[in-house]
Amino acid sequence: MVTVEQFSELLKQSEILGISCEQLNKLKAVGEIKNNGKKWHRQNCGLLVAGFLFCLVVCVPSILPRNHAVLIKILLDGLSEVFDIDELDNYSCILTNEVIGPYVRIPVDCNACAGVNNIPKVSNLTQEEFLKSYAFTMQPVVVQDGLADWTASEIFSYDYFKSIYTPGSKALKQVNEKCQFFPYATNISGLEEFFNMSLSRVEGKEDHWYIGWSNCEGQATNELRKHYKLPYFLPQELDHSKLDWVFMGLPGHGAPMHIDFVKTSSWQAQLRGQKKWTFETPPDCFGVCSSKLEVTVTPGEIIVLDGNRWFHQTQIKGNDMSIVIGSEYY
């Protein structure tokens, strides 16, 4: 076996010959020296991680119930401890939900959408009727009088949100580190850049944009909820979500066709602008359920949907900026 002194001499000679450290690291012998004394799982850490993650994102979701996120988080935390990996929350995903989502989603019971042929618009919806006909079904519905007694339609604007997510604020930091930001097809890297845009870009004179984000910071949530409340048709016992979802954009843009990965169904209130929704049946229900459903949601209306099962996309119509606030219920 080569001694430390002999190996040091070889390193000196390699420097004289102009051999770089990168070239040395590619040598099989150097690799064997590095792995000498290490256990097998330490030597093959990358292979084990890749295999584990493949099983986690492809196999596990197909056998676990819809609320499997907590279990997966526990498994990932355990993985980080075994292989001395830093907190996994600090890393970005190579494959996002948009890429792998359609392939690892929960299969749909086609009986749930077999009778859904349109998207009704209703008013004066009672909680009993909501629970019976819409709450946990695949029947989307638009409630036309859902924003009664709200001030959000008058208050929420680009400048209003900018005053909440100020540079260095906890609210902005939480969105960057713990919440979610959706740039969609817009060339905006995050909420900080979004609220630092020029006036001409905000108004759409440079390009048209569409973004969304979730708010998971307590003080910002309290401020937002001063101007809206749980929709009247939702029973109080379904108000468990601590997240607010905000979507903003200019005409012509929206979210591409996708499915959601949230706990259950959700509602979205159209505060400003108009948004066209298009729903497509899950591939496993072709020939059983309606292939496409469409509806345009106008200011003052709330759409309720199960985005985990319906594939859906949105497009802002008309001439005005669209502002939407939404949340989940369960």
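No experiment lies behind these values; they were computed from the predicted model shown.

Analysis parameters
- Residues numbered from 1 in each chain as written.
- Predicted model: local features only at pLDDT ≥ 70, side-chain atom pairs only at ≥ 80, totals over all residues.
- Heavy atoms only, no water.
- 1 Å grid on protein atoms, 1.4 Å probe; cavity = no way out; pocket = protein on both sides within 12 Å on 5 of 7 lines; lining within 4 Å.
- Points joined across faces, edges and corners; volume = space filled by probe spheres on them.
- Nonpolar A, V, L, I, M, F, W, Y, C, P; charged D, E, K, R; others polar.
- Buried < 20%, exposed > 50% of the residue type's maximum accessible area, 1.4 Å probe, protein only.
- Helix = DSSP H or I, 4+ residues; strand = E, 2+ residues; numbered from the N terminus.
- Pairing = 2+ DSSP bridges.
- Salt bridge = Lys/Arg side-chain N within 4 Å of Asp/Glu carboxyl O.
- Phe/Tyr/Trp six-rings, centres within 6.5 Å; stacked < 30°, edge-to-face > 60°.
- Disulfide = S-S within 2.5 Å.
- Contact = heavy atoms within 4.5 Å.
- Axes fitted to C-alpha atoms, helices over the stretch in contact; angles between N-to-C directions.
- Core = buried A, V, L, I, M, F, W, Y, C linked by side-chain atoms within 4.5 Å.
- pLDDT = per-residue confidence, 0-100.

## Quick notes on empty space enclosed by the protein
Moving on, step 1. One pass over the structure, following the stated rule, counts one cavity of 30 Å³ or more.
Moving on, step 2. If you go around the largest cavity, the residues you meet are Y134, A135, T137, M138, Q139, P140, S265, V304, L305, D306 and Y329.
Moving on, step 3. Considered class by class, the residues forming the lining of the largest cavity number seven nonpolar, three polar and one charged.

## Topic: the pairing of strand β8 (residues 292-297)
Moving on, step 1. Residues of β8 alternate between two faces, with L293, V295 and V297 buried on one and K292, E294 and T296 left unburied on the opposite face.
Moving on, step 2. Of the strand pairs in this sheet, strand β7 (residues 274-280) and β8 are connected by six bridges, and their pairing is antiparallel. Opposite F279, over in β8, you have L293 as the bridge partner.

## Concerning the pattern of salt bridges
Moving on, step 1. Under the counting rule described, the total for this entry stands at nine salt bridges.
Moving on, step 2. K229 is the partner of D149 in a salt bridge, and the nearest nitrogen-oxygen pair spans 3.8 Å. Taken together, the residues span a long stretch of sequence, with D149 in the loop between β2 (141-143) and α9 (152-155) and K229 in the loop between α14 (218-224) and β5 (244-249) at a distance of 80 residues.
Moving on, step 3. K229 sits in the partly exposed class, given a relative accessible area of 43%.
Moving on, step 4. Close ionic contact of R309 with D306 constitutes a salt bridge, the shortest N to O distance being 2.6 Å. The pair R309 / D306 is uniform in exposure class, with both members buried.
Moving on, step 5. Through salt bridges with shared partners, a single ionic network connects E193, R201 and D207.

## Here we look at the packing of aromatic side chains
Moving on, step 1. One pass over the full model with this rule turns up 24 aromatic pairs.
Moving on, step 2. Each ring, one from F279 and one from W310, has its centre 6.2 Å from the other, and the planes form 75°; the classification is edge-to-face. On the criterion of sequence distance, the pair formed by F279 in strand β7 and W310 in the loop between β9 (302-305) and β10 (311-317) is long-range, its members being 31 residues apart.
Moving on, step 3. A relative accessible area of 0% places F279 in the buried class.
Moving on, step 4. Ring pairs connect the aromatic residues F156, Y158, Y160, F161, Y165, F194, F195, W209 and W213, which therefore count as one cluster.

## Looking at the state of the cysteines
Moving on, step 1. Per the stated rule, a full pass over the model turns up three disulfides.
Moving on, step 2. Here C179 pairs with C216 through a disulfide, and the sulfurs are 2.0 Å apart. Around the S-S axis, the bridge from C179 to C216 shows a dihedral of about -100° and counts as left-handed. Of this pair, C179 sits in the loop between α11 (170-177) and β3 (181-182) while C216 sits in the loop between β4 (210-215) and α14, placing them 37 residues apart in sequence.
Moving on, step 3. Assessed through its relative accessible area of 13%, C179 is described here as buried.
Moving on, step 4. Of the residues examined, C216 reaches a relative accessible area of 26% and is grouped as partly exposed.
Moving on, step 5. Going through the protein in sequence order and numbering each bonded cysteine, the pairs you get are 1-5, 2-6, 3-4.

## A word on the environment of V141
Moving on, step 1. Checked against the element boundaries, V141 lands in strand β2.
Moving on, step 2. Since its relative accessible area comes to 0%, V141 is described here as buried.
Moving on, step 3. Sequence-wise, V141 and N118 are 23 residues apart; in three dimensions their C-alpha atoms are separated by 8.9 Å.
Moving on, step 4. Among residues more than four places away in sequence, those in contact with V141 are I119, P120, V122, Y134, I302, I303 and V304.

## A look at the sheet that holds β8
Moving on, step 1. Strand order in the open sheet formed by three strands is β8-β7-β10, with antiparallel pairing between adjacent strands. With one partner strand each, in any of the chains shown, β8 and β10 form the two edges of the open sheet. For this sheet the average axis-to-axis angle between neighbouring strands, irrespective of direction, equals 20°.

## Let's talk about the nonpolar core
Moving on, step 1. Grouped together as the largest cluster of nonpolar side chains are 47 residues, with contacts concentrated most on F156, F161, Y165, F194 and W213.
Moving on, step 2. No other element matches helix α10 (residues 158-164), which puts four residues into this core.
Moving on, step 3. In this view, Y165 contacts A171, L172, V175, L191, F195, W213, N215 and L224; residues no more than four positions away in its chain are not counted.
Moving on, step 4. Core analysis: the next-biggest nonpolar cluster, separate from the first, contains 17 residues, C113, C289, V295 and V297 among them.

## Focus: the confidence of the model for the protein
Low-pLDDT stretches of the model should not have their predicted coordinates read in fine detail.
Moving on, step 1. For the protein, per-residue confidence averages 84 on the pLDDT scale, and residues scoring 70 or more make up 74% of the total.
Moving on, step 2. Every residue in residues 62-70 scores below 50 in pLDDT, and together they form six contacts with partners more than four places removed in sequence or on other chains.

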